[in-house]
Amino acid sequence: MKIYVLGAGAIGSLFGGLLAEAGEDVILIGREPHVGAIKKKGLIIRGIVDTTVHVEAMTSVPRDRPDLIILSTKAYSTEEALKSAGEIVKGTWVLSIQNGIGNEERIIKFGGRAIGGITTNGVVMSEPGIIEWRGKGVTVIGLYPQGHDPFVEEVANTLERAGLETHVTENVQGWIWSKAIVNSAINTIGTILEIKNEIIMTNDYLLSIAMEVVKEGCKIALQNGIEFEVPPMELLFQTLEQTKENYNSMLQDIWRGKQTEIDYINGKIVEYAKAVNLDAPMNTLLWALVKAKEELKGNVWRKRK
Ligand SMILES: NC(=O)C1=CN([C@@H]2O[C@H](COP(=O)(O)OP(=O)(O)OC[C@H]3O[C@@H](n4cnc5c(N)ncnc54)[C@H](O)[C@@H]3O)[C@@H](O)[C@H]2O)C=CC1
Ligand SMILES: CC(C)(CO)C(=O)C(=O)O
């Protein structure tokens, strides 16, 4: 299968690297200095596996059409990345493995055939050209927003052959919302307090806040006609248990002085609340606190230490 990974950073390089190692025809499309390092020494994958993959990498999108584009930028870069891909998106299958709400809508807006996806694999780019696969998780994909297509099965089988456990669902929109609702609670609380996920589970005050945020998100989702395969409250406890040692990715973005994906998690939940005339006080407050933290970039609260 001819695959372009558009936004080859941590998670995209893992998917693209494993697919290339499994014999698929892969091009990683990313940014310097990561692309340059891959060209020089290959993509080094450490952690769950220890391997070096010699895979094609470039900073611009080729003009010839692939069978599949795997979209793996941060949610705030989706629009720009799809624009940079231009005409080849039209009529092409595009699988998003991103977090957040709205990525698939933008794939469709650019004429792509959207496959939604969520993954619980955990990857960090330790330096350009080197990624650390720290958590072996599962990936769920499906024709977006619901339904089925034989090509989705083909993609799932291709990912499985590459060593990425993958399941197919006929309600991928429900999975995307479930994960976003869990992220809306864990990522925000963990980021604001700068704590590991475990503390959210063991501290009664924080757990009750997380549960209230999940309840608010569920109400908004259901009012928007979203149906869940896995109840977000169940997924909240499962995720806290499975990722208790994590400092969540949003907090890691803040620590690196990077923009977070808050607008595409809590921000989108607030947007969908307004669409059905519901209030979203918890999501609104957490969204504002993380946005403030993004702007303050550590120049206030850190001085108190
Ligand atoms: N890292 C992880 O373990 C997981 C990440 N995710 C989600 O996957 C998405 C990506 O996350 P990461 O890989 O961690 O982020 P990342 O920042 O490591 O990778 C994104 C890459 O896209 C590149 N990029 C941005 N715009 C581009 C463009 N127009 N053309 C080419 N490259 C472009 C950036 O330079 C960056 O290297 C996010 O939505 C994240 O929430 C989901 C599950 C796990
Ligand atoms: C599941 C969780 C919360 C793990 O930390 C995650 O998805 C993240 O960090 O973004």
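Residues numbered from 1 in each chain as written. Chains lettered and ligands numbered in written order. Predicted model: local features only at pLDDT ≥ 70, side-chain atom pairs only at ≥ 80, totals over all residues. Heavy atoms only, no water.

Engineer: Explain the domain arrangement of the protein chain here, please?
Structural biologist: Where interface size is quoted, it is often the accessible area lost as the parts come together. For the protein chain, the assigned domains are domain 1 (2-170) and domain 2 (173-297). Domain 1 and domain 2 are separated by 24 Å when their C-alpha centres are compared. At the interface, 20 residues of domain 1 touch 20 residues of domain 2. When the two sides are added together, the surface that domain 1 and domain 2 hide from each other amounts to roughly 1,900 Å², 57% of it contributed by carbon and sulfur. At the junction of domain 1 and domain 2, the tally comes to one salt bridge. A salt bridge links Lys74 to Asp253; the nearest nitrogen and oxygen atoms lie 3.0 Å apart. Of all the secondary structure elements, the ones that give two or more residues to the side of domain 1 that touches domain 2 are α4 (103-109) and β8 (113-119). If one sorts the elements of the side of domain 1 that touches domain 2 by residue count, β8 sits on top with four residues. (Domains from an automatic or database assignment. Contact = heavy atoms within 4.5 Å. Buried area = accessible area lost by both parts, 1.4 Å probe. Salt bridge = Lys/Arg side-chain N within 4 Å of Asp/Glu carboxyl O. Helix = DSSP H or I, 4+ residues; strand = E, 2+ residues; numbered from the N terminus.)

Engineer: Which parts of the structure should I look at to understand the site of ligand 2?
Structural biologist: Around ligand 2, a shell composed of Asn99, Lys179, Asn183, Ile186, Asn187, Asn197, Thr239, Thr243, Asn246, Asn248 and Ser249 is seen. Within the side chain of Asn187, a nitrogen or oxygen atom sits 3.1 Å from an oxygen atom of ligand 2. Taking Asn246, its side chain carries an N or O atom lying 3.3 Å from an oxygen atom of ligand 2. Calculation on ligand 2 without its partners gives an accessible area of 280 Å², and the protein chains cover 87% of this total. Among the elements that make up the shell around ligand 2, the one with the highest residue count is helix α6 (residues 172-193) (four residues). Its residues placed into classes, the shell around ligand 2 shows one nonpolar, nine polar and one charged. (Near = heavy atom within 4 Å. Polar contact = N/O pair within 3.5 Å; in protein donor to acceptor, adjacent residues only side chain to side chain. Areas by Shrake-Rupley, 256 points an atom, 1.4 Å probe, with all protein chains shown as cover. Nonpolar A, V, L, I, M, F, W, Y, C, P; charged D, E, K, R; others polar.)

Engineer: Quick question: what am I supposed to make of helix α8 (residues 204-223) here?
Structural biologist: In an α-helix there are 3.6 residues to a turn, and that puts residues three or four apart on one side. The end-to-end C-alpha distance of α8 is 29 Å, a good match for the 28 Å that 20 residues give at a rise of 1.5 Å each. All buried positions along α8 are accounted for by Leu206, Leu207, Ala210, Val213, Val214, Glu216, Gly217, Cys218, Ile220 and Ala221. Looking at the buried side of α8, the elements it contacts are α6, α7 (197-202), α9 (232-242), α11 (266-275) and α12 (281-296). Its side-chain oxygen 2.9 Å from the backbone nitrogen of Tyr205, Asn203 forms the N-cap of α8. In the segment just after α8, Gly225 is the residue with positive phi, at about 80 degrees. (Expected span 1.5 Å × (residues − 1). Buried < 20%, exposed > 50% of the residue type's maximum accessible area, 1.4 Å probe, protein only.)

Engineer: It is not clear to me how the site of ligand 1 should be interpreted in this structure. Could you clarify?
Structural biologist: What surrounds ligand 1 is a group of 24 residues, the closest being Ala10, Ile11, Asn99, Val123 and Glu261. At 2.9 Å from an oxygen atom of ligand 1 is found a main-chain nitrogen or oxygen belonging to Ile11. Note that an oxygen atom of ligand 1 is positioned 3.4 Å from one of the backbone N or O atoms of Asn121. Across the complex, the protein chains shield 86% of the 820 Å² of accessible surface that ligand 1 would expose by itself. If you list the elements that add at least two residues to the shell around ligand 1, you get α1 (10-21), α3 (78-85) and β9 (122-127). Grouping the amino acids of the shell around ligand 1 by side-chain chemistry returns seven nonpolar, eleven polar and six charged. Split by domain, the residues of the shell around ligand 1 number at least three in each of domain 1 (2-170) and domain 2 (173-297).

Engineer: How should the sheet that holds strand β7 (residues 93-96) be read in this particular structure?
Structural biologist: Two modes of strand pairing occur in sheets, parallel and antiparallel, and in both the strands are linked by backbone hydrogen bonds. Pairing in this open sheet of eight strands is mixed, and the strands run β5-β2-β1-β6-β7-β8-β11-β12 from one edge to the other. Since the sheet does not close on itself, it has two edges, and those belong to β5 (56-58) and β12 (166-168), each with one partner. The mean inter-strand angle of the sheet, taken between neighbouring strand axes irrespective of direction, is 25 degrees. Two elements, strand β2 (residues 25-29) and β5, share three bridges in a ladder whose sense is parallel. Bridge assignment links Ile29 to a residue of β5, and that residue is Met58. Contacting β1 (2-6) and β6 (68-71), α3 crosses the sheet at an angle of about 140 degrees to β1. The sheet contacts of helix α5 (residues 150-161) involve β6, β7, β8, β11 (139-143) and β12, and relative to β12 the element is tilted by about 165 degrees. (Pairing = 2+ DSSP bridges. Axes fitted to C-alpha atoms, helices over the stretch in contact; angles between N-to-C directions.)

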